[in-house]
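Each chain, written out:
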Amino acid sequence: MTNLVGSAGKTDRIGDRIIEYGILALIVFSPLPAASVFDWSELVIELGTLSLTAVYILSREKIRPDPLGGRPMKWPGRLWLGFILFLVLQVLPLPGALVQVLSPEAFARKSPYAGGRSAWMTLSVVPDRTLREGLLLLSCFLLGFLIVRTVRHRSQIFRMALVLVGMGVFEALYGLLELYNRSPHILFYRKSYNLDSVTGTFVNRNHLSGYLEMIIPLAIGMIISRMNLFSSSRLKLREKVLRFSEKNFLTNVALFLSVLVMGLGVVFSKSRSGVVIFVLIFLVFFGGTLLIRERLGYHKRAIVTSLQALFILILGISLYVGINATVARFAMDKFLREQRPVFWAETLRQFSRFPLFGTGLGTFPSVYPGSEENGVLMHIYHAHNDYLEYLSELGVLGALLLFSAVFSMLFVAFRTWRKRRHPEVRGLALGGFLSILAILLHSLTDFNMKIPANLLLFSVVLSLTAAIVNSKRETGVDQRQKGLLTVRYGRQE
């Protein structure tokens, strides 16, 4: 019996290791081929995620305890499942008479070509587009599921966070280098757009900014967690400095520099939303840190002042160096010429025609009418507002399922986070929450969630935050029992 248990535990550990490094490989790969906007790069992400899911299923011991305790993620899981079933309903052929009842506008568009009420048709006006984007969303959901179920220890979390920070620094540095290249490229492709802005390996500067916005708070969260900001408030300043030095001082310096580099990347991307959110991230971090310390009965100490001074220095340098490159992008007349309010109004009109089930996920470019500008016919591919675009594509029912699944995960994670007392958990999870907040705000004015690399990163950060608040440190007992089936889960610190 002992041999069977040891064999099962070994299989689980090998499977977990394959899954962990597979996830890290997808994190590294996704932004490199122009943010994975090509068909082949999306296929790589989908096949990679499906392969890792197969490893999880084959290597899992059925009686293994749920690392999240089972119940906390019960409702978010059901909502995600409901959303996936909704997407199946959008592409499933239905009797024309039923489609006429559920979505009269979709029936009116398809009826002349399909043969009327007796024909079979889909709720999605372009089902192949819905199927394609649905597979990508499913892959991101599975990736998040794997993180929640297999990332249990802080050593795994810090490895994943370090890889994310490394990719953010690479994107910012590469973009800054290409900005001064006479023949700029996006890796192996010649750069044709946004030649005056930092874009990294992204085509659009706003999407690089969105990518960095999700990583910068994680880097700050790592700094806070390594400085034990949420504990040791009774120590003297000299003792705190010594403790900070003991936790690998060079690594902390590197994290500060990484925040500076990524901040410069955001500023030189000339993304208006990105710069505003970059500043907002620091303001919320400072205010949130003080509120947490006050709620726990801690006083403002020199370590808080020092941390704020360092972050303000980073923010000041970033804005000072790139202010001339950014200020012109904030001109209101230029914002109005971009016609985003017009896009939003037309998107709402599209939604009013398909209120319950939408036009179908991924079908916005097919249903949005063309517009003429200066005698040139323009075609709009995105609404420049993720919420409105998802609302028009999914309708009230689908959008409610999608948004409820995301926000219920955040709510469950936040509720658990409030009960935790360990400084590493509190600091790093705070960074995760602010990463999600940053991209949710940016989604009001752009379409980051329609870019595969950013959608994948969003799912990684969201699920990683859920894993952080439920994480446990590997104890000496755990490390000596590598051959056992289970890992001990004690009470929260």
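Every residue gets a number counted from 1 within its own chain, in the order that chain's sequence is written. Reporting in this predicted model follows two pLDDT cut-offs: at least 70 for local features of residues, and 80 or more for side-chain atom pairs to be given and counted; totals over whole chains, interfaces and linings ignore these cut-offs and use all residues. The side-chain values count all of the structure's non-hydrogen atoms but skip hydrogen atoms and water molecules.

Counting from the N terminus, the helices are the DSSP runs of H or I reaching at least four residues and the strands are the DSSP runs of E reaching at least two. As for its position among the elements, G175 is in helix 7 (residues 154–179). The buried category is assigned to G175, whose relative accessible area is 3%. For the pair G175 and I186, spaced 11 residues apart in the sequence, the C-alpha separation amounts to 8.6 Å. Exposed residues in this analysis have more than 50% of their type's maximum accessible area, buried residues have under 20%, and partly exposed residues fall in between, with area computed by a 1.4 Å probe over protein chains only.

With that settled, consider the pattern of salt bridges. Any carboxyl oxygen of Asp or Glu within 4 Å of a side-chain nitrogen of Lys or Arg constitutes a salt bridge here. The full count for this structure, using the stated rule, is 11 salt bridges. Across the pair E42 and R132 runs a salt bridge whose closest N-O atoms are separated by 3.2 Å. With E42 in helix 2 (residues 39–59) and R132 in helix 6 (residues 127–150), this pair connects stretches of sequence that are 90 residues apart. Looking at E42, the relative accessible area reads 9%, which means it is buried. In this structure, K450 engages E393 in a salt bridge whose closest nitrogen and oxygen atoms are separated by 2.7 Å.

Our focus in this paragraph is a nonpolar patch on the surface. Residues L280, L283, V284, L437, L441 and L444 make up a contiguous nonpolar surface patch of about 440 Å² in total accessible area. Counting only elements with at least two residues in the nonpolar patch, the list comes to helix 11 (272–295) and helix 17 (423–442). Sorting elements by how many residues they give to the nonpolar patch places helix 11 first, with 3 residues. Under the relative-accessibility criterion, L283 is labelled exposed at 52%. Patches here are clusters of residues that have more than 30% relative accessible area and form no salt bridge, with a 9 Å joining cutoff for like charges and a 5 Å cutoff for nonpolar side chains (Val, Leu, Ile, Met, Phe, Trp, Tyr). Computed by Shrake-Rupley with a 1.4 Å probe, the accessible areas treat only the displayed protein chains as cover when residues are assessed.

A few words on the nonpolar core. Membership of the largest hydrophobic core comes to 112 residues, with the highest contact counts inside it found for I23, M160 and F458. Per-element tally for this core: the top contributor is helix 18 (residues 452–469), with 13 residues. Contacts between residues were defined by any pair of non-hydrogen atoms, one from each residue, lying within 4.5 Å. Once you skip the residues sitting within four places of it in the chain, F458 turns out to touch M214, V406, I436, I439, L440 and M449. The next biggest cluster of nonpolar side chains, apart from the first, holds 5 residues, and it includes F343, F364, Y368 and I380. Only buried residues count toward a nonpolar core, which is a set of Ala, Val, Leu, Ile, Met, Phe, Trp, Tyr and Cys residues joined through side-chain atoms within 4.5 Å.

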